[in-house]
Amino acid sequence: MKKIEAVIRPEKLDLLRLQLEKVGSPGIMVTKIEGHGKQGGVSHQFRGTEYKTYFLPKVKIEVVAADSQAKKISDAIVEVCRSGAVGDGKIFITSIDDAIRIRTGETGDAAVS
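What this report covers is the structure whose coordinates are included nearby. (Residues numbered from 1 in each chain as written. Predicted model: local features only at pLDDT ≥ 70, side-chain atom pairs only at ≥ 80, totals over all residues. Heavy atoms only, no water.)

### Description of the overall build of the chain
Next up, step 1: Within the chain, the regular secondary structure consists of three helices and six strands.
Next up, step 2: Overall, the chain shows an N-to-C arrangement of helices and strands of β-α-β-β-β-β-α-β-α.
Next up, step 3: If you line up the chain on its principal axes, its C-alpha atoms span 60 × 25 × 20 Å.
Next up, step 4: Summed over its atoms, the accessible surface of the chain is roughly 7500 Å², and 53% of this surface lies on carbon and sulfur atoms.
Next up, step 5: Here the chain contributes 18 positively and 15 negatively charged side chains, and the mean placements of these two sets differ by 5 Å. (Helix = DSSP H or I, 4+ residues; strand = E, 2+ residues; numbered from the N terminus. Areas by Shrake-Rupley, 256 points an atom, 1.4 Å probe, with all protein chains shown as cover. Lys, Arg positive; Asp, Glu negative; His and termini not counted. Charge placed at Lys NZ, Arg CZ, Asp CG, Glu CD.)

### Some thoughts on the nonpolar core
Next up, step 1: Core analysis: the largest hydrophobic core is formed by 15 residues, its most contacted members being Ile8, Leu16, Leu20, Ile61, Ile73 and Ile77.
Next up, step 2: In terms of residue count, helix H2 (residues 67-81) provides more of this core than any other element does, six residues in total. (Core = buried A, V, L, I, M, F, W, Y, C linked by side-chain atoms within 4.5 Å. Buried < 20%, exposed > 50% of the residue type's maximum accessible area, 1.4 Å probe, protein only.)

### Here's the deal with the sheet that holds strand E6 (residues 89-95)
Next up, step 1: Read from one edge of the open sheet, four strands run E2-E5-E1-E6, paired in antiparallel fashion. Among the strands making up the open sheet, the edge pair consists of strand E2 (29-35) and E6. For this sheet, the mean angle separating the axes of adjacent strands, direction not counted, is 20 degrees.
Next up, step 2: Bridging between strand E1 (residues 2-8) and E6 involves seven bridges; their strand directions are antiparallel. The partner of lysine 2 across the bridge, within E6, is serine 95.
Next up, step 3: Sitting on the sheet, H2 touches E1, strand E5 (56-65) and E6, and the angle it makes with E1 is about 10 degrees. (Pairing = 2+ DSSP bridges. Axes fitted to C-alpha atoms, helices over the stretch in contact; angles between N-to-C directions. Contact = heavy atoms within 4.5 Å.)

### Notes on a nonpolar patch on the surface
Next up, step 1: Nonpolar side chains collect at one region of the surface, where Val78, Ile91 and Ile93 lie side by side and expose about 210 Å² of accessible area between them.
Next up, step 2: Position of valine 78 among the secondary structure elements: in helix H2. (Patch = residues over 30% accessible without salt bridge, like charges linked within 9 Å, V, L, I, M, F, W, Y side chains within 5 Å. Salt bridge = Lys/Arg side-chain N within 4 Å of Asp/Glu carboxyl O.)

### Here we look at helix H1 (residues 13-22)
Next up, step 1: Burial in H1 covers these residues: Leu16, Gln19 and Leu20. Here the buried residues of H1 occupy an arc of 100 degrees about the axis, which is enough to place them on one side. Residues of H1 that are exposed and point more than 90 degrees away from the buried face comprise Asp14, Glu21 and Lys22.
Next up, step 2: Tucked inside the fold, the buried residues of H1 contact E1, E5 and H2.
Next up, step 3: Remark: glycine 24 follows H1 within two positions and exhibits a positive phi of approximately 90 degrees. (Arc of directions from axis to C-beta.)

Geometric descriptors of this kind do not, in isolation, establish any biological role.
Laid out in structure tokens, this is it:
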């Protein structure tokens, strides 16, 4: 199993959710976060004074899926979230040893499908 974590722009979340449903994603967890990457934040002007916002609003999505689905899911994320501009986000893919569905006691791929 794989855990796919993606940090994306908040405005892409609804489109991404629809696309993940189309490719058969088993479920999604969403967390609102703040952070910055290489751009280090953005500069604004307010009433003639410039100030910098270091932490930008982002959304972190997490999907745990079978190994066979990981590539389809990561491709869907890239397809929806890539604009070509700084701040599009990142995808992290890690291995999961096991998963247990609390309600039924199912383990492994059966617990996440």
